[in-house]
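The chain contents come next:
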Amino acid sequence: MNLVRTVLGDVPAGELGVCDAHDHLFIRSPALPGRELDDPADARERLRSFRAEGGRTVVQWTPYGMGRRAGDLAALSRSEGTRIVAATGLHRAAQYAPEVLARVMPGLEDLFVSEITDGIGTTGVRAGLIKVAGAFHDVDAHARHTMAAAAGAHHRTGAPIAVHLELGTAAGDVLDLLCGELGVQPRRVILGHLGRFPDGVAQLDAARAGAFLAFDGPSRAHHATDWLLPGQLASLAEAGFGGQLLIGGDTTVPGTPGMPYLLRRLRPRLVRALGEDAVEAMLVQNPARAFALAGA
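Bear in mind that the values here come from a model prediction, so they are computed numbers and not experimental data.

Student: Mind laying out helix α8 (residues 229-241), listing which residues take part and the relevant values?
Tutor: The end-to-end C-alpha distance of α8, which contains 13 residues, comes to just 15 Å, noticeably less than the 18 Å that a straight helix rising 1.5 Å per residue would cover. Within α8, the full set of buried residues consists of Leu-229, Pro-230, Gln-232, Leu-233, Ala-234, Leu-236 and Phe-241. Of the surrounding elements, those touching the buried residues of α8 are α7 (200-209), β10 (212-216), β11 (245-248), α9 (258-274) and α10 (276-290).

Student: Got a sec to walk through the pairing of strand β1 (residues 3-6)? Specific residues and values, please.
Tutor: Where β1 lies against strand β2 (residues 9-12), four bridges are found, and the strand directions are antiparallel. Directly across from Thr-6, in β2, lies its bridge partner Gly-9. Here β1 hands over to β2 after two residues, the two strands then running antiparallel side by side.

Student: How would you summarise the sheet that holds strand β6 (residues 87-89) if you had to cite specific residues and measurements?
Tutor: Strand order in the open sheet formed by six strands is β6-β7-β8-β9-β10-β11, with parallel pairing between adjacent strands. Each edge of the sheet is formed by a strand with only one pairing partner; in this case those strands are β6 and β11. Going from strand to strand, the sheet's axes swing by 30° on average, the running direction of each strand aside. One ladder, built from four bridges, connects strand β7 (residues 129-133) with strand β8 (residues 161-164); its direction is parallel. Of the residues in β8, the one forming a bridge with Val-132 is Val-163. This element, helix α4 (residues 108-117), spans β6 and β7 of the sheet and lies at about 165° to β6.

Student: Pulling in residues and values, what's your account of the packing of helix α1 (residues 40-52) against helix α2 (residues 70-80)?
Tutor: The contact between α1 and α2 brings their axes to 10 Å, and the two run at 40°. Classified by the angle their axes make, α1 and α2 are oblique. Seen along the crossing, α1 lies across α2 with a hand that is right-handed. Contact with α1, carried on its side by Pro-40, Ala-43, Arg-44, Leu-47, Arg-48 and Arg-51, involves Asp-72, Leu-76, Ser-79 and Glu-80 of α2 and no other residues of that element. Partitioned by chemical class, the residues of the contact of α1 with α2 number four nonpolar, one polar and five charged.

Student: Please provide a residue-by-residue account of the sheet that holds strand β5 (residues 83-85), values included.
Tutor: The sheet built from three strands is open, its strands ordered β3-β4-β5 with parallel pairing. Looking along the sheet, the strands with just one partner apiece sit at the ends: β3 (19-23) and β5. With strand direction ignored, the average angle separating the axes of adjacent strands in the sheet is 20°. Note that strand β4 (residues 57-60) and β5 share three bridges and pair parallel. Within the sheet, the bridge partner assigned to Thr-57 lies in β5 and is Arg-83.

Student: Can you lay out the nonpolar core for me, pointing to particular residues and giving the numbers?
Tutor: Residues Val-163 and Leu-191 are the most contacted members of the largest nonpolar core, which totals 77 residues. If we skip the residues at most four places from it in the chain, Leu-191 touches Val-163, Leu-165, Ala-171, Val-174, Leu-175, Ala-206, Ala-211, Phe-212, Leu-213 and Ala-214. In this structure, Leu-16, Ala-21, Val-85 and Ile-190 belong to the second largest nonpolar core, which totals 20 residues.

Student: Go over the packing of aromatic side chains, please, and point to the residues and values.
Tutor: Under the criterion given, the structure shown has zero aromatic pairs. Its end group placed over the ring of Phe-26, Arg-69 keeps NZ or CZ at 5.3 Å from the ring centre.

Student: An account of α4 is needed here, citing residue identities and associated values.
Tutor: Residues Leu-108, Phe-112, Val-113, Glu-115 and Ile-116 constitute the buried set of α4. Viewed along the axis of α4, the buried residues span an arc of 165°, placing them on a single side of the element. Just beyond α4, the residue with positive phi is Gly-119, at close to 135°.

Student: Could you give an account of the pattern of salt bridges, with specific residues and numbers?
Tutor: Per the counting criterion, the structure on display carries 18 salt bridges. Glu-53 is paired through a salt bridge with Arg-264; the nearest N and O atoms lie 3.1 Å apart. Of the two residues, Glu-53 sits in the loop between α1 and β4 while Arg-264 sits in helix α9, which places them 211 residues apart along the sequence. For Arg-264, a relative accessible area of 38% puts it in the partly exposed group. Close ionic contact of Asp-205 with Arg-208 constitutes a salt bridge, the shortest N to O distance being 3.6 Å. Linking Asp-205 with Arg-208, this pair stays in helix α7, spanning three residues, or about one helical turn. A residue is classified by how much of its surface remains accessible, and Asp-205, at 43% relative accessible area, is partly exposed.

Reading the values: rules and limits
- The numbers attached to residues start from 1 for each chain and follow its sequence in the written order.
- It should be noted that, the model being predicted, local features are given only for residues of pLDDT at least 70 and side-chain atom pairs only at 80 or more, the latter also being counted only at that level, while totals for whole chains, interfaces and linings use all residues.
- By convention in this description, side-chain values take in all heavy atoms of the structure and omit both hydrogens and water.
- Secondary structure elements follow DSSP: runs of H or I of four or more residues count as helices, runs of E of two or more count as strands, with numbering from the N terminus.
- Expected helix span is taken as 1.5 Å per residue step, with the number of steps being one fewer than the number of residues.
- Only protein chains enter the accessibility calculation, which uses a 1.4 Å probe. A residue is then buried if its area is under 20% of the maximum for its type, exposed if over 50%, and partly exposed in between.
- We call two residues in contact when some of their heavy atoms are within 4.5 Å.
- When DSSP locates at least two bridges between a pair of strands, those strands are taken to pair.
- Only the stretch in contact is used when a helix axis is fitted, and all axes are lines through C-alpha atoms; the angle between N-to-C directions ranges over 0 to 180 degrees.
- Each angle is binned into one of four classes, with values under 35 degrees roughly parallel, values over 145 roughly antiparallel, values of 65 to 115 roughly perpendicular, and all other values oblique.
- When the near helix sits turned anticlockwise from the far one by under a right angle, the crossing is termed left-handed; a clockwise turn instead gives a right-handed crossing.
- Three classes are used, and their members are as follows: Ala, Val, Leu, Ile, Met, Phe, Trp, Tyr, Cys and Pro are nonpolar, Asp, Glu, Lys and Arg are charged, and the others, Gly among them, are polar.
- Buried Ala, Val, Leu, Ile, Met, Phe, Trp, Tyr and Cys residues form a nonpolar core when they are joined through side-chain atoms within 4.5 Å.
- When the centres of two rings from Phe, Tyr and Trp lie within 6.5 Å, Trp using its six-membered ring, the rings pair. Their planes under 30 degrees apart give stacked, over 60 give edge-to-face, and anything left gives tilted.
- Here, over-ring charges are defined by two tests on the NZ atom of lysine or the CZ atom of arginine: distance to the ring centre within 6 Å, and angle to the ring normal within 35 degrees.
- This arc corresponds to the set of directions leading from the helix axis out to the C-beta atoms.
- Salt bridges, as used here, are contacts in which a Lys or Arg side-chain nitrogen is within 4 Å of a carboxyl oxygen on Asp or Glu.

The structure is reproduced here in structure tokens:
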């Protein structure tokens, strides 16, 4: 049986239902001072709105050191009847104070494994995926280190690896490292933000490599490529890669429509462009495979 590790324990992958494949209930970043998502009451309202639109699972990509509030995730999952998957992992170096990086980088793989197998801090909440990040059109030294740790943790735990592609770039370099050098199966890798770099050739290459492709953040400010999303997804589906496509809200700052927008506004647009079955696959069947633990 394929299992997904949620904040309340492992569940059969087929029970995820409609899934927001990339979002944040809580996140803090020095790059966005004063714009934190750090309010459990706000998170509760967003979950309720998402569930009212038919949503059943949210995958939070917030990694180590960025305000995950794992204990609150568990409480929210219980109270709102919505499954939540939490992340371990590490973002780009710019998201952390130097002293934090100095402390965690030497034992990064073991940290990831511990948060997946034992739990995040003292909460008992176990992470279900590993989030790492590339650089702009590059895999820099920080990314190489974190991705090597993520690959090692994946091989030890079966947890999938989710990758923040900076402005949607460097998908090929990321896959060369994770899958070519580090031995991760492409179907265990989820590439985020591909829609922000609307290069059809790069998107097709990533799909042909076998990775899952997450098109996320359609309601965020200043994303001038959002209007291209239905066409991009349609092109990939028509090329035979509909089974690798995921969609998510990627809410990172207050005031973003995020989770409810994903189902209330984006879903009908995508149904018109791709059909009901294709969109159902992106929201239900594909996430069930993408976020399952390998070997579980």
